[in-house]
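# Examining the three-dimensional arrangement
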Amino acid sequence: MKAVSVIQNQENKTIVAQTESFVKDTLEGAEAGHDWWHIHRVYKNAELILKTEKADHLVVELAVLLHDIADSKFNGGDEEMGPQKAGDFLRSIQVDENIIGHVQEIIRNMSFRSGLGAVNFHSKELEIVQDADRLDAIGAMGIARAFTYGGHKNREIYNPQIPPVLNMTKEEYKNNSAPTINHFYEKLLLLKDKMNTEAGRRIATERHRFMETYLKQFENEWNGVS
């Protein structure tokens, strides 16, 4: 039995290495907030969470690596392109169909946008990947990514005449083009209370505080307060 376990572990490492190489090649030149380094950070977050959560490590690793392989916001809103592309690749390296299906469901259901509609899938692996991804959307890195994406879309930094819209529907969120500061109130500040795991909640609390401090400083500087 031990020999079988060793062989399986080696096979899993090979699958992960092949997937990592595929993702690096595919995301070369991607928008900086959704590039390979975003995947790398989410992977590290998932490793932290897996220290205290029991889950299928291979499913988590593959879902993390492939979760932004074809993000719908860069592909005309097509929400099936990502799961399809992930599935096609995993089949090309002969990954088990049960694992492929699980990874695809995680990709379909992990985003903040997906949570604004009906969610009909749940697993511990989804919880972990979702938390790992959301942690990269808040704190210092989240601030950097928000303004990177805002610049990529040529959005205003802030406009006091355009208030944040809370409780958006999925379609409203998809079509939203408000200033970047609004995004903090419409999504980023909400993520702390949406974490699934104990480790996710602990890390998110610290990063949430950092964003609150930043926004207070931003407000002061916008209003000319010393």
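See the structure above.
To start, this report covers the structure provided alongside it. (Residues numbered from 1 in each chain as written. Predicted model: local features only at pLDDT ≥ 70, side-chain atom pairs only at ≥ 80, totals over all residues. Heavy atoms only, no water.)

Bringing the overall build of the protein chain into the picture now. Counting its regular elements, the protein chain contains 10 helices and 0 strands. Each helix and strand of the protein chain, placed in order from N terminus to C terminus, yields the pattern α-α-α-α-α-α-α-α-α-α. With respect to the principal axes defined by its C-alpha atoms, the protein chain has extents near 65 × 35 × 35 Å. In the protein chain, which comprises 226 residues, the share counted as buried stands at 45%. For the protein chain, the share of sequence-separated contacts (at least 6 apart) that also reach a separation of at least 24 residues comes to 67%. When the accessible surface of the protein chain is split by element, carbon and sulfur atoms take 50% of a total near 12,300 Å². Side chains of the protein chain carry 27 positive and 34 negative charges; the gap between the two charge centres is 4 Å. (Helix = DSSP H or I, 4+ residues; strand = E, 2+ residues; numbered from the N terminus. Buried < 20%, exposed > 50% of the residue type's maximum accessible area, 1.4 Å probe, protein only. Contact = heavy atoms within 4.5 Å. Areas by Shrake-Rupley, 256 points an atom, 1.4 Å probe, with all protein chains shown as cover. Lys, Arg positive; Asp, Glu negative; His and termini not counted. Charge placed at Lys NZ, Arg CZ, Asp CG, Glu CD.)

Within the secondary structure layout, Met110 lies in the loop between α5 (97–109) and α6 (124–135). Aside from chain neighbours lying at most four places away, what touches Met110 is His67, Leu126, Val129, Gln130, Asp133 and Arg134.

Let us look at the packing of α5 against α6. In the contact formed by α5 and α6, the axes pass within 10 Å of each other and the chain directions differ by 45°. When the axes of α5 and α6 are compared, the pair comes out oblique. Crossing angle aside, the handedness with which α5 passes α6 is right-handed. Contact with α5, carried on its side by His102, Ile106 and Asn109, involves Glu125, Leu126, Val129 and Gln130 of α6 and no other residues of that element. Grouping the amino acids of the contact of α5 with α6 by side-chain chemistry returns 3 nonpolar, 3 polar and 1 charged. (Axes fitted to C-alpha atoms, helices over the stretch in contact; angles between N-to-C directions. Parallel < 35°, antiparallel > 145°, perpendicular 65-115°, else oblique. Left-handed = near helix turned anticlockwise from the far one by under 90°. Nonpolar A, V, L, I, M, F, W, Y, C, P; charged D, E, K, R; others polar.)

Turning to helix α3 (residues 57–66), a few remarks are in order. Counting buried positions over the 10 residues of α3 gives 8, a clear majority of the element. For α3, the full list of buried residues reads Leu58, Val59, Val60, Leu62, Ala63, Val64, Leu65 and Leu66. With a side-chain oxygen positioned 3.0 Å from the backbone nitrogen of Leu58, the residue opening α3 is Asp56. (Polar contact = N/O pair within 3.5 Å; in protein donor to acceptor, adjacent residues only side chain to side chain.)

This brings us to the side chain of Glu186. Mapped onto the secondary structure, Glu186 falls in helix α9 (residues 180–186). Buried within the structure, Glu186 lacks any salt-bridge partner; Arg155 is the closest side chain of opposite charge, at an N-O distance of 7.3 Å. A polar contact is formed between the side chain of Glu186 and the side chain of Asn176, at a distance of 2.8 Å. Here Glu186 is in contact with Phe112, Pro164, Val165, Leu166, Met168, Asn176 and Ala178, once residues within four sequence places are set aside. (Salt bridge = Lys/Arg side-chain N within 4 Å of Asp/Glu carboxyl O.)

Tallied over the entire structure, the rule returns 10 salt bridges. When the shortest N-O distance is used, the salt bridge between Glu20 and Lys24 registers 3.3 Å. In this pair, Glu20 and Lys24 are both assigned in helix α1 (residues 2–26), 4 residues apart and thus about one turn of the helix distant. According to the relative accessible area criterion, Glu20 is partly exposed, its value standing at 28%. Residue class for Lys24 comes out partly exposed when judged on its relative accessible area of 37%. The residue Lys124 makes a salt bridge to Glu127 at a minimum N-O spacing of 2.9 Å. You can see Lys124 and its partner Glu127 sitting in helix α6, 3 residues apart, about one turn around the helix. The exposure class assigned to Lys124 is partly exposed, which follows from its relative accessible area of 28%.

Another point: helix α4 (residues 81–92). The terminal C-alpha atoms of α4, which comprises 12 residues, lie 16 Å apart, in line with the 16 Å expected from a rise of 1.5 Å per residue. Taken together, the buried positions of α4 are occupied by Gly82, Pro83, Ala86, Gly87, Phe89 and Leu90. One side of α4 holds all its buried residues, which, seen down the axis, span an arc of 165°. Backbone geometry just after α4 places Gln94 at a positive phi near 60°. (Expected span 1.5 Å × (residues − 1). Arc of directions from axis to C-beta.)

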